[in-house]
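# Fold and contact review
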Number of protein chains: 2
Amino acid sequence: MSINLDPLQAEQDSYWMAEAIRLAEESLYLTSPNPRVGCVIVHDQQLIGQGSTQQVGHDHAEIQAIKNAIARGNEAALKGATFYVTLEPCSHHGRTPPCVDAIIRHQAARVVIAMLDPNPLVGGRGVDKLQAEGIEVNTGVLAEEALELNTGFIARMLNKRPWVRTKLASSMDGKVALANGESKWITSSTARDDGQHWRARSCLVLTGIGTLQADNPLLNVRAIETPRQPIRAVIDRLFVIDVAATIFNEDPVWVFVEDRVFTAQELEKQRFLEQEKNARIIKMPLALDGVDGQALDLHGIMDYLAINEINEVHLEAGPRLNAGFLNAGLVDEVLLYIAPKIIGPGREVFALSPLEKLSDAKQMVFFEQQAVGVDVRLRARDDKRWQALLTAVSEK
Amino acid sequence: MSINLDPLQAEQDSYWMAEAIRLAEESLYLTSPNPRVGCVIVHDQQLIGQGSTQQVGHDHAEIQAIKNAIARGNEAALKGATFYVTLEPCSHHGRTPPCVDAIIRHQAARVVIAMLDPNPLVGGRGVDKLQAEGIEVNTGVLAEEALELNTGFIARMLNKRPWVRTKLASSMDGKVALANGESKWITSSTARDDGQHWRARSCLVLTGIGTLQADNPLLNVRAIETPRQPIRAVIDRLFVIDVAATIFNEDPVWVFVEDRVFTAQELEKQRFLEQEKNARIIKMPLALDGVDGQALDLHGIMDYLAINEINEVHLEAGPRLNAGFLNAGLVDEVLLYIAPKIIGPGREVFALSPLEKLSDAKQMVFFEQQAVGVDVRLRARDDKRWQALLTAVSEK
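If you're wondering where the values come from, they're calculated on a predicted model, not measured in any experiment.

## Concerning the sheet that holds strand β2 (residues 46-52) of chain B
All names here are of chain B. Spatially, five strands are ordered β2-β1-β3-β4-β5 in an open sheet, and the strand pairing comes out mixed. Strands with a single pairing partner mark the edges of an open sheet, and in this sheet they are β2 and β5 (136-139). Looking at each pair of strands side by side, their axes are set apart by 15° on average, direction ignored. With six bridges connecting them, strand β1 (residues 38-43) and β2 associate as antiparallel partners. Looking at β2, one finds that His43 is bridged to Gln46.

What follows is the structure, encoded as structure tokens:
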């Protein structure tokens, strides 16, 4: 079980796996909390079937691809075919029957896999089962590209924590607003629309009560089409959220508040929000080492989110909550839009305390720089965590 | 006189002009204060000669290319050939004889020009002279690429001012140093070496006395090979520069000081620096509206530099002098290296006063984003000024 070393075969494998990844991308806004998976079935270097994961409870990519092959009249060609699939096929009965059984039943000759599935219910057993039936298995083809589409899912499986992507929009001199608070707009509408793509691929858009009170945002996906909306969540220790806030449309909103005995008025507010506004009020303990010693335990919130099948968190918050996440070691990725403006004194992206030594700075790794309209989008991540995920999906 | 509209011809013209630009790039560190110019001579779609501008006083690109053609045994083919040249050929006797005469003498059929020369001694007269001899002339082919190599020269010709490129190195949150001043190093050695390329192509590296006293830099080009060193200059109103500063190696250093009567001690310091240290002490008036009401007149310094044939200024300064240039409207281009670090409170790239309105922010335009080692290099410029230069070299 390894990358195939024949150069022509390796080139063909990369070509077809790129197709499978393209298919997985098509379901980027659709499959949560399931991973985004693409599958192409190839016989004699001809594509005979293709598919991608649908909504939860519906077909996995492999089953979609088999059905697609049959619909194209290619059922006989499944025998001896190669399956290219971006994630190890499942071997357990979950919401759907195991995909490896279908692959075996149709007598595939070879299965090429981008990522192993660190889901403890799969954990290499898919590969084992295929090999036990004499099917050749190769793994690790375009693993990085496949992981990029499913960082949150893999992080949740492996670390029991979502992947947190912090979205920031600053001037060239690192400011998110003027000193007087004006921030509309630092970046262009093109960059703001681009930001909605990242909301759409997340499971949950998270902000703080400060941002909610200042901007009264809806925080949903509007600028682009999406078959599903992410859940929106607010960290609001004192439970002061306005019941008339714009965020309470009809879709779910989670509100994290301090775990204490509610007053009668607060109980009534909770009842109203939960029964009339599709909200969920979630009580969390205080952190022992919070930003000001009295912030909610962000690690506890992350645990709660992972248990509730949240893969990717899209954090769109103010400088204080951003700093809280950074100090808690919870910023996995930064999505930074930079406008070609210089504005001078203003609000920082992270409200941190001064460092003593430069070597204490939070060190990330850039992995993308891209013009987005007149602005630039930079992406950086915690490389140690990323590499740990990559290792987990690459090695059995 | 215009871009040729025949599509095949236009494609061929772009191809050969790109070659001429590549040649011009080869003399990027060499030709100042002359522009960097490349020339290829083509006959029947075969390259028969090529050249680029050499040091001041030596051959221009066209002459180099003609000599090259002759050396290759292609003298006869010069008759009827097409010259591709990145800048309008000169028609005046400067340090060398006019290039148009040589082109006419060898009976070229066509001359394709990237940029017209806004030098008042040329000013379209090169084109006129060629056309008067029945030579077809096309202009504006890859004008933007050619201008990029000679922004400083064109700015000086047109505006009687150098082009000021401000080099900055910051963290992702826009800081050039910790609050305690530690700044070694925000960016990687790869980015710092890349920065030396921009020093090398400039005519003058400029800094402030604050940076000089804090870092005692040499400010020359070391990380890359260069046939010539830029002049180094320091803005030092109070003439407090240490005569033992590292910057005084053997190469020229210009020191801008306040225009006032020197003390005997200062006169002796001036004599010593000028006679023993290859320095030039230049007295400048104070600005009426300087950063603190008592800064040197930066516009006056720019005038001085233009008169002294400085095309590109590479500004490598601290937050205060950077702000002084920005406030004086003298930042034409920003070269910003961003490190994938978050450091929190620290020193700003520009020490500016707060803005009242976001619409008052200095607005630039990004034109490049590029990974440089682990860092990212962003380039932004004053688009209005750039477009004015582009218009000047494109329209007669």
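## Let's talk about the confidence of the model for chain A
In this model, chain A carries a mean pLDDT of 93, and residues with pLDDT of at least 70 account for 96%. In the model output, the complex is listed with pTM 0.93 alongside ipTM 0.91.

## Some points on unusual backbone geometry
The phi angle of most residues is negative, glycine excepted, and most peptide bonds adopt the trans form. Residues and elements named next belong to chain A. Of note, the amide linkage connecting Ser32 to Pro33 takes the cis form, showing an omega dihedral of 5°. In this structure, the amide linkage connecting Lys184 to the following residue, Trp185, adopts the cis form with an omega of -10°. Inspection of the secondary structure puts Trp185 in the loop between β7 (175-178) and α7 (189-201). Positive phi is not limited to glycine here, since Lys160 has a value of about 55°. With respect to the helices, strands and loops of the structure, Lys160 is situated in the loop between α6 (151-159) and β6 (163-171). Of note in this structure, Asn278 is not a glycine but carries a positive phi near 60°. You can call Asn278 partly exposed: its relative accessible area is 37%.

## A closer look at the interface of chain B and chain A
If you look at the interface, chain B gives 47 residues, while chain A gives 47 residues. Summing the contributions of chain B and of chain A, the shared interface buries around 3,600 Å²; its carbon and sulfur component is 69%. Looking only at chain B, the three residues that lose the most surface to chain A are Ile342, Leu358 and Phe366 of chain B, adding up to 21% of its buried area. The interface formed by chain B and chain A contains two salt bridges. Here Glu348 of chain B ties to Lys175 of chain A by a salt bridge, and the two come within 2.5 Å at their closest N and O atoms. Inspection of the region where chain B meets chain A yields ten residue pairs in polar contact (both at pLDDT 80 or more). When residues of the side of chain B that touches chain A are assigned to their parent elements, the largest contribution, five residues, is made by strand β17 (residues 365-372) of chain B. Class assignment of the residues belonging to the side of chain B that touches chain A gives a composition of 29 nonpolar, eight polar and ten charged.

## Structural notes on the pairing of strand β18 (residues 375-381) of chain A
Residue and element names in this part refer to chain A. Counting buried residues along β18, seven of its seven residues qualify, which places the element largely inside the surrounding structure. Here β18 shows two buried faces, one formed by Asp375, Arg377, Arg379 and Arg381 and the other by Val376, Leu378 and Ala380. When strand β13 (residues 333-339) meets β18, the two strands line up antiparallel, connected through six bridges. Following the sheet pairing, Tyr337 is matched in β18 by Arg377. Hairpin connection, strand β17 (residues 365-372) to β18: the antiparallel pair is bridged by two residues, and Gly373 has positive phi, about 60°.

Cut-offs applied
- Residues numbered from 1 in each chain as written.
- Chains lettered and ligands numbered in written order.
- Predicted model: local features only at pLDDT ≥ 70, side-chain atom pairs only at ≥ 80, totals over all residues.
- Heavy atoms only, no water.
- Pairing = 2+ DSSP bridges.
- Helix = DSSP H or I, 4+ residues; strand = E, 2+ residues; numbered from the N terminus.
- Axes fitted to C-alpha atoms, helices over the stretch in contact; angles between N-to-C directions.
- pLDDT = per-residue confidence, 0-100.
- Buried < 20%, exposed > 50% of the residue type's maximum accessible area, 1.4 Å probe, protein only.
- Contact = heavy atoms within 4.5 Å.
- Buried area = accessible area lost by both parts, 1.4 Å probe.
- Salt bridge = Lys/Arg side-chain N within 4 Å of Asp/Glu carboxyl O.
- Polar contact = N/O pair within 3.5 Å; in protein donor to acceptor, adjacent residues only side chain to side chain.
- Nonpolar A, V, L, I, M, F, W, Y, C, P; charged D, E, K, R; others polar.

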